[in-house]
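Each chain, letter by letter, is given below.
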Amino acid sequence: MNSISTEKLDIAYDDALIVKALDMNIPHGKISSIIGPNGCGKSTVLKAVGRILKPKTGLVYLSGEDIRDLSTKEIAKKMAILPQTPTAPSGLTVSELVAYGRFPHQKGFGKLTPEDKKIVNWALSVTKLTEFENREVDTLSGGQRQRVWIAMALAQQTDLILLDEPTTYLDLAHQLEILELLYDLNRKQNVTIVMVLHDLNLAARFSDYMIAIRDGKIVTHGSPEKVMTSESLKDTFSIDAEIVLEPRTGRPICLTYNLVNSSSKESPPQKEDIAV
Amino acid sequence: MRKQRYTAKRGFTILLVMVLLMIVIAVVSVNSGKMNLSPIEVFNVLLGKGTEKQNLIVFEFRLPRIILGVLVGFGMGASGCIMQSLLRNDMASPGTLGISSGSGLFVLIFVVLFASKGMSSAIALPLLAFIGGMTAAALIFILSYRRGRDISPTGLILTGVALSSGYSAATTLLTLKLDQNQMDFMQRWSAGSLWGDDWKYLAILAPWTLILLAYVIYKSRVLNTLHLGNQTATGLGVAVKPEFLGLSIAAVALSSGSVALGGNFFFVGMIAPHLAKRLVGPNHKFLMPASCLAASIIVLLADTITRTISLGSDIPTGIVITVLSTPYFLYLLAKAN
């Protein structure tokens, strides 16, 4: 069953067509990553699916329903979306921001019910933020802040979360921390995760399904084993990549790579070449 | 200074203190002026036991002026707060965006064309100011709009600043056509004179301001999400375009009422939301009322000072506010850098 599917999606900025006739299916209950070179339209696709951007033509289905038939509030009960590097107003506390995630479920003036508070506390504990609940968001570190936004999305209680490069500006350890959190959410809470990722190896390590996009078209899609091949990376990024199985996880990784048109296969010069 | 966090309890306490402060200033304000009345005399008047002269002073001069000051403050405070949150920029306000100047220009055209001395039509002025404000807002929007792109707050503000100098030029040009009476009125208006202190104007301004205020306070939850950015707000299920439009129109309408009957209070709309944010934090359920109260306190305080300390001829309230606010504004700028 598909969580999201698109049909002949054309997305344009002004007159420039960024995404062309895109047919994409996102499997339910899995972690899917969209990869591709800069400017290939991967964020654009995510935005169109998340109804932040209106496609020029084509359809987006959310669990089989045309999103144009759903109100934005109904959609927000089924799908949460985290834009790239969102910012919180200064002075806002962690628990307040997470409570904003209850928005689509509230009515009128929006006083938090005991039920709402329970859900907010659950979201805080899943993201290990309970001890920070009274801290101001803008005083937290980058990794903690990203967890707060994920907690807000969790408070929305949706089956599906879209994330646009959730690991941007984070160091190695914090990147892993965020992806492991998302992995746990998927495996334990059965949340479908769709994200745009820059790091191929992290995408291969954590995804069940990968979609490689170039120039607004899908180059290849499927399991990491299918997408992480020299062949498809060449078609997607114009790189000549050496793919091996990672010893710890058994997932395919890109060990090293060159540009396809690069003159020397082994730049930079090796140690032996220089030392005489 | 790392202040304690903003809780609901703290929010309510601060709002209560602000209301009390406003009442105290209002009472002092009723007492003071060219004719001093003691608090006891004022109290007697309010109980209906005052002399005819005292009644006249309280009910016809001081009370309407205080109510006007409060309403003008509410309008400017709420309007500035909405604009700062929608644009996510602390420099946004009816003054900096040129909305007030747009309203002012239309008020001036009205003065030139129709009213020679008595500002006869009470409803026409706020309406014209509203049309002027909306025209200004639409112009800013059209000029900074790029198809398919998010509108940049900085772009909007710069366009507003540019346009407002255009309005000033047009205003100056029109001013040359005025006779002495109109000229005096315009000068005092543009400095913020709280001129509409008459019950017939208040009967229009009070419902105008209070109804709009009820709407924006009802929308505080939406403002909270829009303050996170349009994309995040969409993700949370906010219909961004209609809500943004509705709140912008409300902000322009609120400032127009204040501008039409109070005058051009440039700084209040920018500084009151700032002060409020420091006191109660960014949650609009507290921020919006706090912003209104802060603005009213500033206007009332300035007006009381103006009427108590006689500096020769009557100086407009707005001048006092500008003098008081400039150091705060400079402090903010210094801190932002």
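Computed from a predicted model, the values in this text were never measured in an experiment.

Caption draft 1: How the structure looks around helix α6 (residues 153-175) of chain B. Helix length check: α6 of chain B, at 23 residues, gives a terminal C-alpha distance of 32 Å against a target of 33 Å (1.5 Å per residue), a fit within 8%. All of the buried residues along α6 of chain B are Leu156, Ile157, Thr159, Gly160, Leu163, Ser164 and Tyr167 of chain B.

Caption draft 2: Here's a closer look at the pairing of strand β7 (residues 160-164) of chain A. All names here are of chain A. Of all the 5 residues making up β7, 5 are buried; the element is thus mostly covered by neighbouring parts of the structure. Residues Leu160, Leu162 and Asp164 line one face of β7 and the alternating positions Ile161 and Leu163 line the opposite face, and both faces are buried. Here strand β6 (residues 79-82) runs beside β7; their pairing, made up of 4 bridges, is parallel. Counted as the bridge partner of Leu82 is Leu163 from β7.

Caption draft 3: Expanded view of the sheet that holds strand β9 (residues 209-214) of chain A. Residue and element names in this part refer to chain A. Spatial strand order, β6-β7-β8-β3-β9-β10: 6 strands in an open sheet with mixed pairing. Here the strands that pair on one side only, and so sit at the sheet edges, are β6 and β10 (217-222). The sheet shows a mean angle of 15 degrees between the axes of neighbouring strands, taken without regard to direction. Sheet contacts for helix α9 (residues 230-237): β9 and β10; angle to β10, the most-contacted strand, approximately 155 degrees.

Caption draft 4: Up close: helix α4 (residues 99-113) of chain B. Residue and element names in this part refer to chain B. For α4, spanning 15 residues, the distance from its first C-alpha to its last is 22 Å, which sits close to the expected 21 Å at 1.5 Å a residue. The buried fraction of α4 amounts to 11 of the 15 residues, a majority that puts the element mostly inside the structure. For α4, the full list of buried residues reads Ile99, Ser100, Ser101, Gly102, Ser103, Gly104, Leu105, Phe106, Val107, Leu108 and Val111. Along its buried surface, α4 packs onto α5 (124-144), α6, α7 (180-191) and α11 (240-262).

Caption draft 5: Looking closely at the confidence of the model for chain A. Mean pLDDT over chain A stands at 91; residues scoring 70 or higher make up 95%. Least confident of the elements in chain A is helix α10 (residues 271-274) of chain A, whose mean pLDDT is 56; most confident is strand β3 (residues 31-35) of chain A, at 97.

Caption draft 6: Molecular detail of the interface of chain A and chain B. With 27 residues of chain A at the interface, the matching set in chain B holds 23 residues. The set of elements that each furnish at least two residues to the side of chain A that touches chain B consists of α2 (72-78), β6 and α3 (94-100) of chain A. In terms of residue count, the dominant contributor to the side of chain A that touches chain B is α2 of chain A (4 residues). Across the side of chain A that touches chain B, the residue classes break down as 15 nonpolar, 7 polar and 5 charged.

Caption draft 7: Examining the packing of helix α3 (residues 52-87) of chain B against helix α13 (residues 284-308) of chain B more closely. Residue and element names in this part refer to chain B. Following both chains from N to C, one finds α3 and α13 inclined at 135 degrees, their axes separated by 7 Å at the closest point. As the angle between them shows, α3 and α13 are arranged oblique. Between α3 and α13 lies a crossing whose hand is right-handed. The class makeup of the residues in the contact of α3 with α13 is 15 nonpolar, 8 polar and 2 charged.

Caption draft 8: Geometry of the environment of Ile25 of chain B. All names here are of chain B. Within the element layout of this structure, Ile25 appears in helix α1 (residues 8-31). Linking Ile25 and Thr304, residues 279 residues apart in sequence, is a C-alpha distance of 7.9 Å. Leave out the neighbours within four places in its chain, and Ile25 touches Ile297, Leu300, Leu301 and Thr304.

Calculation criteria
Residues numbered from 1 in each chain as written. Chains lettered and ligands numbered in written order. Predicted model: local features only at pLDDT ≥ 70, side-chain atom pairs only at ≥ 80, totals over all residues. Helix = DSSP H or I, 4+ residues; strand = E, 2+ residues; numbered from the N terminus. Expected span 1.5 Å × (residues − 1). Buried ≥ 20, exposed ≤ 12 C-beta atoms within 10 Å, placed from the backbone. Pairing = 2+ DSSP bridges. Axes fitted to C-alpha atoms, helices over the stretch in contact; angles between N-to-C directions. Contact = placed C-beta atoms within 7 Å. pLDDT = per-residue confidence, 0-100. Nonpolar A, V, L, I, M, F, W, Y, C, P; charged D, E, K, R; others polar. Parallel < 35°, antiparallel > 145°, perpendicular 65-115°, else oblique. Left-handed = near helix turned anticlockwise from the far one by under 90°.

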